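# Summary of structural features
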Amino acid sequence: MSSKPDREDIEKLRLLASVTVNASDAIVITEAEPITELGPKIIYVNKAFEQMTGYTASEVIGKTPRILQGPKTDRAELDKIRAALLKREPIRSDLINYSKDGSERWIELEIVPVANENGIYTHFISIQRDITARKKIEAELQKFFALVDRSSDFIAMCSMEGKILFVNEAGRKLVGLNTLEEAVSKKLSDYLPEEDVASFYQSILPKVIDEGRTLSEAKLRHFKTGETIDVERSCFIVRHPENQDILCLATVQRDITERKKAQAAQLRAQVAEEINKQLEKEISERKKVERKLRYSNLHDNLTGLANRVLFMDRLKQAIFKLKRHQDKLIAVLFLDLDRFKVINDSLGHYCGDRLLIEFARRLTKCLRSIDTVARLGGDEFSILLEDLKDSTDATTIARRINEEMRLSFNLCGQEVFTSASIGIAFASSEFDSPENLLRNADIAMYRAKERGKGRHAVFNSKMHDRAVELLQMENDLKWALERSEFCLYYQPIVSLETRKIMGFEALIRWQHPERGLVSPAEFIPLAEETGLILPIGFWVIQEACYQMRIWQQQSQSNRKLSVSVNISGKQFAQTDFVEQVGQILQETNLEPNCLRLEITESILLEEIELATSMLLRLKELGVKIYLDDFGTGFSSLSYLHRLPITELKIDRSFIKSMEVEVEGLEIVRAIVVMAHNLGIDVIAEGVETQQQLQKLRNLNCAYAQGYLFSPPVNRDAAYDISSDRGGESKFY
């Protein structure tokens, strides 16, 4: 099949010619055959070819490219081109051509074979670019390369695309390469550590182009070991001397490994010195902290006094010295600030803390320099008195302290008065336990507090026996509910008008397995102190309601009977107290108006607004409220009329004095009149004589209870009183 172009091929070439006519590079189209020694025949050249060579199209068409060749044209390169054309393979080559005027010109030549749709190669398209100027520069660079090859620094040049053009001998040795050919076969990125490549092209190179030069520390990659070399790198742009076009990127890199080692050694020395200084500073600060910590561990943060740890250590040392010098006397004072909780709750914790600080200052003022005063916690303080002449020295100091405390404290703009309850315990040579001595002083303090505020008491063995007894009672009390040791006694409340029993007051008793029947006066204060009053109080309400409901079901005459139960302040303070009462009424099926809850004036005084809210909720529930022991507290008429109180119970002390003192009778009269004016009934407690009964009837007192009618009795006896006698009292 002929490879000559047909008409259609020629038309395509014309179309291609019209596209390439204005190209900036010279374009030559030749026939694919025949390929003679001189080459294929030219059938087309563009204007750029005419301008570059000086030949017109008519002068070269029909001729071979031999017209452009001369004595310096590389014969071997021509043979390589002819071989590629015969194989119909594309080829790229640099060679010298000659213009029409005979001038030499370096040409960058690319030849591409073109086949038709039948796969027959019909033409070759040759693109020629004049690179004479570049070749001249490269020649100059080669001269320059010969000069810099002897430099001891790494010197390299590369194209802006990253192709290595030159690396001097010192540079090659630095990175482990032997020949220039080996060096220029690499790309610029090959010389950089992998992690630095992106940074170089994205950051360093744009900066070099913008500023012309950069200087920085960097790293080179050693091709044999793979290790990196620390260098000081200078990069700059090489421009064409005439048109300032960028020719290449040059870099000079100096090995600074030894300098870096020296710097690293210097830095390590500086760091070591700084670390030593820091360690010395930290040791100094640690010692300060340790001193502060030791002080903090041994002193109270608020008052600055010794704490329990330091106090016990000094007490231990004092007892040890006492064993060697039995003629000496030491004492421990245990102090509790009276009314501190009231002050702290009313004025706030900040003012409470100011009171403790001022109290500690006054304590210190009352003591000798050899004495130790400590804050044990809360409002409890202790004092160690050493080298006493006799026991009166300790009691004298106790009196001095309370005299000092009689002076008012100015707290948060308010004048406050307080005192201290003080227990005193003396050590003898027999004592070997600081804990026992402090415990004895604590026991004596409670004895002093029982006697009244602002007092002191000296420990004796009976106090210890009593403390042990209370501890045992506390342990027994914890098990009493579980073992069903509690029971209720009932005292009737009688209507003075109808002479009928209108209800009972339920009073708890403790049937102790060893001590027998224990009065509530003995265990209720302990239950209050330990918090056991909450489960005990709940049981009392539940049991009383349960028993009253049974009585009501057993006898028609008992249907209107009610039961009253004493409520402690801690019970009343429970947020769910009303819910507890409602639950008990629901479980026992007792009508709410058959339950009376007795509260004291002190409960109301603690927080009147909260108490009012609680009483109103109980009223909504249908429960009646008795105000117990009326007259012994500090009731205020300003709030009494606002409370849903059903009855007032006049304290037995007023009933007793009513027989012998006119004042007592008038107090009872005033209470009854006031209650009637407020629409409240009155119950007289502790009625024991007919004379008392008669006076109460004359004063129109509605109800009474006491031994005149019946002492508190067990449930069976109470049922006999209420049912067998038709609900009428048998005593009058």
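## Concerning the pattern of salt bridges
Should the charged atoms of two oppositely charged side chains come close, the side chains can pair. Taken as a whole and assessed by the stated rule, the structure comprises 35 salt bridges. A salt bridge links Lys449 to Asp336, with the shortest nitrogen-to-oxygen separation between them at 2.8 Å. You can see Lys449 sitting in helix α14 (residues 434-451) and its partner Asp336 sitting in strand β11 (residues 330-337), a full 113 residues away along the chain. Note on Lys449: relative accessible area 31%, which makes it partly exposed. Several salt bridges share partner residues, and in doing so they unite Asp25, Arg92, Asp94, Glu108, Arg129, Arg134 and Lys135 into one network.

## Looking at the confidence of the model for the protein chain
Counting all residues, the mean pLDDT for the protein chain is 86, and 92% of those residues have values of 70 or more. Counted against residues more than four places away or in other chains, residues 725-731, with its pLDDT under 50, gives 17 contacts.

## Regarding the pairing of strand β25 (residues 681-684)
Both strand β24 (residues 647-650) and β25 contribute to a ladder of four bridges, which runs parallel. Its bridge partner being in β25, Lys649 is matched across the sheet by Ile683. In terms of strand pairing, β25 meets strand β26 (residues 703-704) through two bridges, oriented parallel. Residue pairing across strands places Ile683 opposite Tyr703, the latter belonging to β26. Handedness of the crossover joining β25 and β26 through helix α25 (residues 690-698): right-handed.

## Considering the nonpolar core
Soluble globular proteins tend to bury their nonpolar side chains together. In this structure, Phe572 and Leu595 are the most contacted members of the largest nonpolar core, which totals 80 residues. The biggest single contributor to this core is helix α17 (residues 533-554), with nine residues. Those residues in contact with Phe572, other than ones at most four positions away along the chain, are Ile567, Phe577, Ile599, Ile603, Ala611, Met614, Leu615 and Leu618. Leu335, Ala398, Met405 and Phe409 belong to the second largest nonpolar core, which has 31 residues in total.

## A closer look at the side chain of Gln571
Residue placement: Gln571 occurs in helix α18 (residues 569-572). Setting aside residues up to four positions removed in sequence, Gln571 forms contacts with Ile533, Leu534, Gly537, Phe538, Ile541, Asn566 and Phe577.

## Considerations on unusual backbone geometry
At the junction of Glu33 and Pro34, the peptide bond is cis and its omega measures out at -5° in the coordinates. Position of Pro34 among the secondary structure elements: in the loop between β1 (26-31) and β2 (42-45). With phi around 55°, Arg88 is a residue other than glycine that occupies positive phi space. Mapped onto the fold, Arg88 is located in the loop between α4 (75-86) and β3 (91-98). Looking at Arg88, the relative accessible area reads 18%, which means it is buried. Its identity as a non-glycine residue notwithstanding, Asn589 has a phi of 65°, on the positive side. By the element assignment, Asn589 lies in the loop between α19 (577-588) and β22 (595-600).

Definitions and limits used
- Residues numbered from 1 in each chain as written.
- Predicted model: local features only at pLDDT ≥ 70, side-chain atom pairs only at ≥ 80, totals over all residues.
- Heavy atoms only, no water.
- Salt bridge = Lys/Arg side-chain N within 4 Å of Asp/Glu carboxyl O.
- Helix = DSSP H or I, 4+ residues; strand = E, 2+ residues; numbered from the N terminus.
- Buried < 20%, exposed > 50% of the residue type's maximum accessible area, 1.4 Å probe, protein only.
- pLDDT = per-residue confidence, 0-100.
- Contact = heavy atoms within 4.5 Å.
- Pairing = 2+ DSSP bridges.
- Right-handed = clockwise from strand over helix to strand, strands pointing away.
- Core = buried A, V, L, I, M, F, W, Y, C linked by side-chain atoms within 4.5 Å.

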